[in-house]
Amino acid sequence: MSSHTIRVTVNGTEHEATVPARLTLADFLREHLDLTATHLGCEHGVCGACTVLLDGETARACITLVAQVDGAEIVTLEGIAADGEELHPVQQAFWDRHGMQCGFCTPGFILSTIELLREHPDPTREQIDEALGGHLCRCTGYVKIVEAVDQAAERLRAGSGR
Amino acid sequence: MKPAELGYAAPTSLDDAIGLLASRDAKILAGGQSLVPLLNLRLAAPELLVDLRSVPGLDGIRREGDDLVIGATVRQRRAERDATIREVAPLVAEALRHVGHPQIRSRGTIGGSIAHADPAAELPAVLVALDGSVRARGPGGEREIAAADFFQGFLMTALAEDEILVAITLPAAAPRTGAGCVEIAQRAGDYAACGAVAQVTLEGDRVADARVALIGAIDRPVRARTVEEALIGSAGTPQDIAAAAAHASDGLDPMPDPRVPAEYRLHLARVVARRAVEQATERAG
Amino acid sequence: MRRVFGAPLKRKEDPRLLRGGGQYVADIKLHRMVHAAVVRSPYPHAVIRGIDATECRADPRCVAVLTADDFDDLPELQCIDAEETTRPFLQPVLARGKVRYVGEPVAVVVAEDRYDAEDLMPLVRVDYEPLPAVVDPERALEPGAPIVHEGTNLVDTLHYATGDAAGALERAPHVLRERLQTQRHAGMPMETRGVIASWEDRTSAITLWSSTQVPNGVKRSLQAALGLPENGVRVIAPDLGGGFGVKLQIYPEEILICRLAQRIRRPTKWIEDRWEHFVAATHGREQFHDVEVGYEDDGRIVAIRDDCLTNTGAYLQSLTLVEPFIGVAMLTGPYRVDNFEATSRVAATNKTPMNPFRGVGHVQAAFTMERIVDLVAADLGLDPVEVRLRNMITSDQLPLDRVFGNVLAGTIVYDSGDYPECLRRAAELAGHAEFAAEQAKARAEGRYIGMGFGCFVEETGLGPYESGTVRIEPSGKVTVLTGACSSGQGHATTLAQIAADELGVGVDDVTVLHGDTELVRHGVGTYASRTAAVGGAAVRKAATKVRERAEFIAGQLLEVDPADLEVAEGGFAVAGSPAVSISHAEIAATVMPGSPLIDGVEEYGLEATDIFHPETNTFAYGVHVATVEVDIETGVVSHLRHVVVNDSGRVINPLILEGQVQGGVALGVGGALLEEILYDEDGQPRNPNFMDYVVPGIDNVSPEILVEHMEIPTPLNPDGIKGGGEGGAVGAPAAIANAVANAISPARITATPLFPARVHQAIVDAGLARMVAQEVT
């Protein structure tokens, strides 16, 4: 069995581990680090439930081998608001606007929304569709997700969040 | 859906990478956005993955004379935003907007998309449209493979088993050049039932150059030369474009698909060719 | 004092989930846990000549292998709604002798992790002898077709009739004949199925964590399958990433993993992957209706004869007959059709088994009937809204006994509502009156837009019962237990609102617990839009009992007549004298064990349970209006606007109900335009992945889905709730299909999904393409 030693920073904490070469980043996070908010919905890169921030950009953890990202900085949903911390305006907006139901797709949506609003603080509908088009939600019908994005954008612009 | 047992290497030189590729049942890993899903589904099970991430010199974007050279490991998201690409390769910039989703483009590479040769992919069609070429390096040295010879069938290219795609080359666009990309897909970022990339260069009030290639029409990207010939020298009016695009389906033999009957795909080819050329013509002016 | 009932409160569930604290079954880890993978049939139909697991067992990574030979008495899935006439084509939990669909479980292998388990799967050598397969339901019923089980592929024939359809059709001035077809697709939750089973020697009990909508049902089935007593099985449903009906029955894997855990004596986990989900989780909807419709010059429909065929796949599942039954029995929806005759046949083929999912049967019924109405209107040159109004059952005709019934649901009696008013309001909100002008203007610009209606009536609030327990704790906080099981519907909030409403406490002071058969001894689960209506009723009634008991005690303590008390914040106060009050905590303290009971009080604790058995089910209804644009050249349909006027009776939380309806509409977009599970002629699944099976994304669903609630209460439960989890999915495909037909009229639309190729063909067949080409040149 081929194994590799990798070093990654996850949610600000450095980790070193020896892992099989075939281990996906998603499974590394979920099984080795017990960070289970990165969900597996399809394992072929379509549903977006496994989305993480990889060196600052959204990427699909299910179709990334952890060996490929040796040295990288990864942020998962658990890194957005630690226990006891105030919710990020995007998280708050998803709560306020009922932008989630079962919650399974939500981590991916939140991370992609955070990335979107960083680049486009006042996003058009086209920009929202572009940023979130790679995420499937079976519960909400997307309407309230977009409302949440709009609210988060407004709050961030008003400076009432981080 | 977990990959089969495999080895992984991240060589630090191109020669080492080539050596590893030749030594056993190995596949090159760039962004992994096409390969890792296949590994997960166990549709691919190489003994060794050769990751290009640490090989220097493969991630450049630079002009070489009249050409633009894009290194194999350039990430699609970076390419999308690159000022040089936007300026001299507008068709690449335009096509990249249609590639998957941002989360795929953050990892997917230019070289990876070309080497994977999915007929429904945008970048292979761009390379074919622009008469670009692939720079490949193997144990015997480096060679340039013309785009017209590179794509040989469904997921099949002219790359030898021990060759690595190191860069693509395309001609820099002339002034007054516009690019268009139109895809008919049920969901943005989905596999297109058919699509077209088009580039139009105007001189005076005439079309001086036209490049059109089809995405997803057959088992490889295909140049619509008859369309191009009808456009070149014309005034590029909507009627000219419609008349030219009617030839887009000439001689095509589409791959069978339960959702997309052949007649319909051929019809779409004519529609997307027209729309892509209209886009390109408008942007060229 | 009714305050929180009806309030659009934010959900209590969300903060934990938003922070990444969700606990779905795949997230749970137990000490010494092992991982299973299921070996599945690659053939749609084959004899199993032998299974040799020697090589697998010999591999050092193999912890265990399970095949049918490991069972003396191989359990079978039961079909709850089987009639006497239903052929017993039951599914064994592992294939024995024969496999009948691609994906059927054949063996289970166990290793230390899933990667290794998948490596071991090919080491189970199964010797298959392939047989010819049949996938088309009409072909399956022809002589000479491959027989999936024995004797026949005809699983059952249901027949319903009222009036004299044959005679009325003969006399009718107009008759239309059409085949209306709905395709096979599936609920497709984002979380696949999954289980962990753990056997504990100390208690001789198995605990099963399962992504299931029916923990109590699974428990009962496990008891039977494993021969265990009630206290030998505990089922826990953790957080669910969606269910939509796919998770409403026991599955073979649940039984198999329990069996393995008992044997191995280590917790055993199986998480379904997406490919497996496509082939082994149940599908739905594949049904067509051959209808003959007789109608008058004014559009009144006088007779319908319906010959319906459902392709149910290879085996009976828990509720196999519901789709064929509802598809015909609810066909006429909100309309009065006095002469009706339907034959509903159920065919077995070598496809994955079907079982109800969101909207079951009603979706096909609404699509079929609503297309019929539009075809009638088009033929007569009448306004489709007007034709609907002429046929609709009016509110003074309710309650209305529809005469039909079935084993499970009893007789259909429409209980309450106002269908014409719902339609009028929906038409008004959608701008129907102004649309013709908008459409003409668009056509002049070369754009093809259309508006379509989808009216439906839906059986909701199904029995047989649901349990609710309400307990006022010594702290004054309230605990609610429910047999309902959430898969994203917000029960922890909505049921808390009912209890809070009854007891005068804050919603934050109420905790709803569900999904654990150790806590909830009796329950049915969540499906069929039943939780608010039936589960809510049980909570309301239990809360009422507790309130009355607490009120009595309060009266004793305050020395007033309980009738003089009213619910106040966190307790009771004398009506008119709010200073004379007592809190729940103070009341609860008096009935704590360890102190003597006061006069008139005979028991300790402040708790009550109600197991609500609804007399019969209720009928929610609604009207959808969809606006679409069709790209006339490519056939691609864009969903522009959507309006729903929905009557689910009284609404506990309008925000949550709106979310349910909008989500249902999106599911309906998938059914109308995008989704189809495809098989080739040989029975091989063609698109078992998300690249080739297209689930709606953000750009597929209308950016506006306007939902208006019409709240006409049902008399069938204390709060007058009808249920709203499915209505969005029921009416949307009908409305969207009708909108497409309207956009490209006179093109013929008779089947979903409306893939671009299909729409394009309809455009070409109608000669519209030529007309368009003429316009351009």
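Note that the structure is predicted; figures quoted are calculated from it, not measured.

### Re the overall build of chain A
Okay, so step 1: Along its length, chain A carries five helices and five strands.
Okay, so step 2: Ordered by position from N to C terminus, the α and β elements of chain A give β-β-α-β-β-β-α-α-α-α.
Okay, so step 3: Radius of gyration (C-alpha) of chain A: 16 Å, near the 15 Å computed for a compact globule of 162 residues.
Okay, so step 4: Expressed as lengths along the three principal axes of its C-alpha atoms, the size of chain A is roughly 50 × 30 × 25 Å.
Okay, so step 5: Burial status across chain A gives 64% buried among its 162 residues.
Okay, so step 6: Looking at chain A alone, contacts between residues at least 24 apart form 58% of all its contacts between residues at least 6 apart.

### Here's the deal with the overall build of chain B
Okay, so step 1: Counting its regular elements, chain B contains twelve helices and 14 strands.
Okay, so step 2: Taking 2.2 N^0.38 as the reference for a compact globule, 285 residues should give roughly 19 Å; the C-alpha atoms of chain B span a radius of gyration of 19 Å, in line with that estimate.
Okay, so step 3: In chain B, buried positions account for 56% of the 285 residues.
Okay, so step 4: Excluding contacts between residues fewer than 6 apart, the proportion of contacts in chain B whose partners are at least 24 apart in sequence is 64%.

### Digging into the environment of Asp 52 of chain C
Okay, so step 1: Tracing the chain through its elements places Asp 52 of chain C in strand E2 (residues 46–52).
Okay, so step 2: C-alpha of Asp 52 of chain C to C-alpha of Leu 123 of chain C: the two residues are 71 residues apart in sequence and 8.6 Å apart in space.

### Things to note about helix H13 (residues 432–444) of chain C
Residues and elements named next belong to chain C.
Okay, so step 1: Under the 1.5 Å per step criterion, the end-to-end length of H13 is 19 Å for 13 residues, consistent within 8% with the ideal 18 Å.
Okay, so step 2: Within H13, only one of the 13 residues are buried, which leaves it mostly out in the open.
Okay, so step 3: Following H13 by one or two positions, Gly 446 has its phi on the positive side, about 80°.

### Thoughts on the sheet that holds strand E9 (residues 194–200) of chain C
What links the strands of a sheet is backbone hydrogen bonding, and the strands pair in either a parallel or an antiparallel sense.
Residue and element names in this part refer to chain C.
Okay, so step 1: Sheet architecture is open: seven strands sit in the order E3-E5-E1-E12-E9-E10-E11, paired in mixed fashion. Among the strands making up the open sheet, the edge pair consists of strand E3 (64–67) and strand E11 (233–236). On average, adjacent strands in this sheet sit at an angle of 20° to one another, irrespective of strand direction.
Okay, so step 2: As judged from the four bridges shared by strand E10 (residues 205–210) and E11, these two strands associate in the parallel manner. In the sheet register, Leu 208 faces E11, and the bridge partner there is Val 235.
Okay, so step 3: Across the sheet, helix H6 (residues 215–226) is in contact with E10 and E11; its angle to E11 comes to roughly 150°.
Okay, so step 4: Relative to E9, helix H7 (residues 252–264) is tilted by about 30°, and along the sheet it contacts strand E1 (34–40), E3, strand E5 (105–111), E9, E10 and strand E12 (268–271).

### Observations regarding the environment of Arg 24 of chain B
Residue and element names in this part refer to chain B.
Okay, so step 1: With respect to the helices, strands and loops of the structure, Arg 24 is situated in the loop between helix H1 (14–23) and strand E2 (26–29).
Okay, so step 2: By C-beta crowding, Arg 24 is classed as exposed, having 11 other C-beta atoms within 10 Å.
Okay, so step 3: In this structure, the C-alpha to C-alpha distance between Arg 24 and Gly 108, residues 84 residues apart in sequence, is 25 Å.

### Examining the interface of chain A and chain C
Okay, so step 1: Chain A puts 42 residues into the contact, and the matching count from chain C is 43 residues.
Okay, so step 2: The set of elements that each furnish at least two residues to the side of chain A that touches chain C consists of helix H2 (89–96), helix H3 (106–119), helix H4 (125–132) and helix H5 (143–157) of chain A.

### Some points on the domain arrangement of chain A
All names here are of chain A.
Okay, so step 1: If you check the domain split of chain A, you get domain 1 (3–79) and domain 2 (89–157).
Okay, so step 2: Using only C-alpha atoms to locate each centre, domain 1 and domain 2 end up separated by 22 Å.
Okay, so step 3: With 13 residues of domain 1 at the contact, the number on the domain 2 side is eleven residues.
Okay, so step 4: Considering every element that reaches the side of domain 1 that touches domain 2, the biggest residue donor is strand E3 (residues 51–54), with three residues.
Okay, so step 5: Broken down by class, the residue content of the side of domain 1 that touches domain 2 amounts to seven nonpolar, six polar and no charged.

Calculation criteria
Residues numbered from 1 in each chain as written. Chains lettered and ligands numbered in written order. Predicted model: local features only at pLDDT ≥ 70, side-chain atom pairs only at ≥ 80, totals over all residues. Helix = DSSP H or I, 4+ residues; strand = E, 2+ residues; numbered from the N terminus. Rg over C-alpha atoms; globule rule 2.2 N^0.38 Å. Buried ≥ 20, exposed ≤ 12 C-beta atoms within 10 Å, placed from the backbone. Contact = placed C-beta atoms within 7 Å. Expected span 1.5 Å × (residues − 1). Pairing = 2+ DSSP bridges. Axes fitted to C-alpha atoms, helices over the stretch in contact; angles between N-to-C directions. Domains from an automatic or database assignment. Nonpolar A, V, L, I, M, F, W, Y, C, P; charged D, E, K, R; others polar.

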